[in-house]
Amino acid sequence: MNQHLIAIDLDGTLLKENKTISERTYDVIQQAKQAGHIVVIATGRPYRASKMYYEQLGLTTPIVNFNGAFVHHPKDDSWGMYHTPLQLETVREIVEVSRKYNVRNILAEVMDDVYFHEHDEQLLDLFNLGNPNVYIGNLRDILRKEPTSILILSDEQNVDRIRTYLSEVHANVIDHRSWTAPWHVIEIVRTGIHKAVGLEKIASFYGIPRERVIAFGDEDNDIEMLKWAGVGVAMGNAIEPLKAVADDITKTNEEDGVAVYLQSLLKL
């Protein structure tokens, strides 16, 4: 048997819209593991907000969090911990300039510490998963550690203007993406950081060549991972730019797209 490394995004990919793993998808992933394949999660979420799925699947592999800004092995501290945060001074500059764009809020995550520029009950509920330590106040004053990522919550009409500023002024030190509706959020990480960076580390550790890496995703933060993998699979519900770079397209997350594809490809 040719052992494969299977990398799966969470939201919109592994997870249904109600944030659960279907019984069929769970069963197929267990079959893949039993057949000797290696399954890993690659997500934009922090570890605290993906741990429950890692444990539900019974994984014993490294995990890619924060879109590659944090890669570690929850079951093996000796594997190594790869944390690539943003430069603190860059973040402070962005916070200062963002005021002129009338942003609604800015959020910084330092591993499991979450910093809010403004109090926001809706965002507090959204980011409270995993019970992080929460701090609220002017980020220029209260943020003392280099953050893993920052999120800018904006009105829809300002997203492009803010992203243009980020590209023109900070392109050499940061990368940024925007979330899809209903959240008009710009997510910022250190330049050169994406899921493929973490996946490459994991593949190298297991000695699995790129051609035997299968990656599933649905959003623009999956583009680099699907392009890097030997078999990049876009979900049926994926955005069109991801489908355009994918090697193949499966069914939607509501139709067990991950399970359907793995069963066919790996003869499970």
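Residues numbered from 1 in each chain as written. Predicted model: local features only at pLDDT ≥ 70, side-chain atom pairs only at ≥ 80, totals over all residues. Heavy atoms only, no water.

A. Fine view of the packing of helix H2 (residues 23–34) against helix H11 (residues 257–266). Close contact between H2 and H11 brings their axes to 8 Å; oriented N to C, the two are set at 35°. In the packing of H2 onto H11, the handedness of the crossing is left-handed. Every residue of H11 that contacts H2 at Arg24, Thr25 and Val28 is listed here: Val258, Ala259, Val260, Leu262 and Gln263. Residues of the contact of H2 with H11, tallied by class, amount to five nonpolar, two polar and one charged. (Axes fitted to C-alpha atoms, helices over the stretch in contact; angles between N-to-C directions. Helix = DSSP H or I, 4+ residues; strand = E, 2+ residues; numbered from the N terminus. Left-handed = near helix turned anticlockwise from the far one by under 90°. Contact = heavy atoms within 4.5 Å. Nonpolar A, V, L, I, M, F, W, Y, C, P; charged D, E, K, R; others polar.)

B. The arrangement of the domain arrangement of the protein in detail. Segmentation of the protein into domains returns domain 1 (5–83 + 193–266) and domain 2 (88–190). Look at where the C-alpha atoms of domain 1 and domain 2 centre, and you get two points 25 Å apart. Contact with domain 1, which involves 16 residues of that partner, is made by 17 residues of domain 2. Overall, the association of domain 1 and domain 2 removes approximately 1,500 Å² of surface from exposure, summing both partners, and the carbon and sulfur fraction of that is 51%. Looking at the side of domain 1 facing domain 2, the largest losses of area belong to Arg48, Phe66 and Ile193, adding up to 46% of the total buried there. At the surface where domain 1 touches domain 2, the tally comes to three salt bridges. Here Arg48 makes a salt bridge to Glu109, at a shortest N to O gap of 2.8 Å. The interface formed by domain 1 and domain 2 contains eight residue pairs in polar contact (both at pLDDT 80 or more). A breakdown of the residues in the side of domain 1 that touches domain 2 according to their chemical character gives seven nonpolar, four polar and five charged. (Domains from an automatic or database assignment. Buried area = accessible area lost by both parts, 1.4 Å probe. Salt bridge = Lys/Arg side-chain N within 4 Å of Asp/Glu carboxyl O. Polar contact = N/O pair within 3.5 Å; in protein donor to acceptor, adjacent residues only side chain to side chain.)

C. Summary view of the sheet that holds strand S6 (residues 105–110). Ordered in space as S8-S7-S6-S9-S11-S10, the six strands form an open sheet in which the pairing is mixed. Looking along the sheet, the strands with just one partner apiece sit at the ends: strand S8 (133–136) and strand S10 (174–178). Here the average twist between neighbouring strands, direction ignored, is 20°. As judged from the four bridges shared by strand S7 (residues 113–116) and S8, these two strands associate in the parallel manner. Note that in S8 the partner of Tyr115 across the bridge is Tyr135. Packing of helix H7 (residues 159–170) onto the sheet brings it into contact with strand S9 (149–153), S10 and strand S11 (185–190), and relative to S10 it is tilted by some 165°. (Pairing = 2+ DSSP bridges.)

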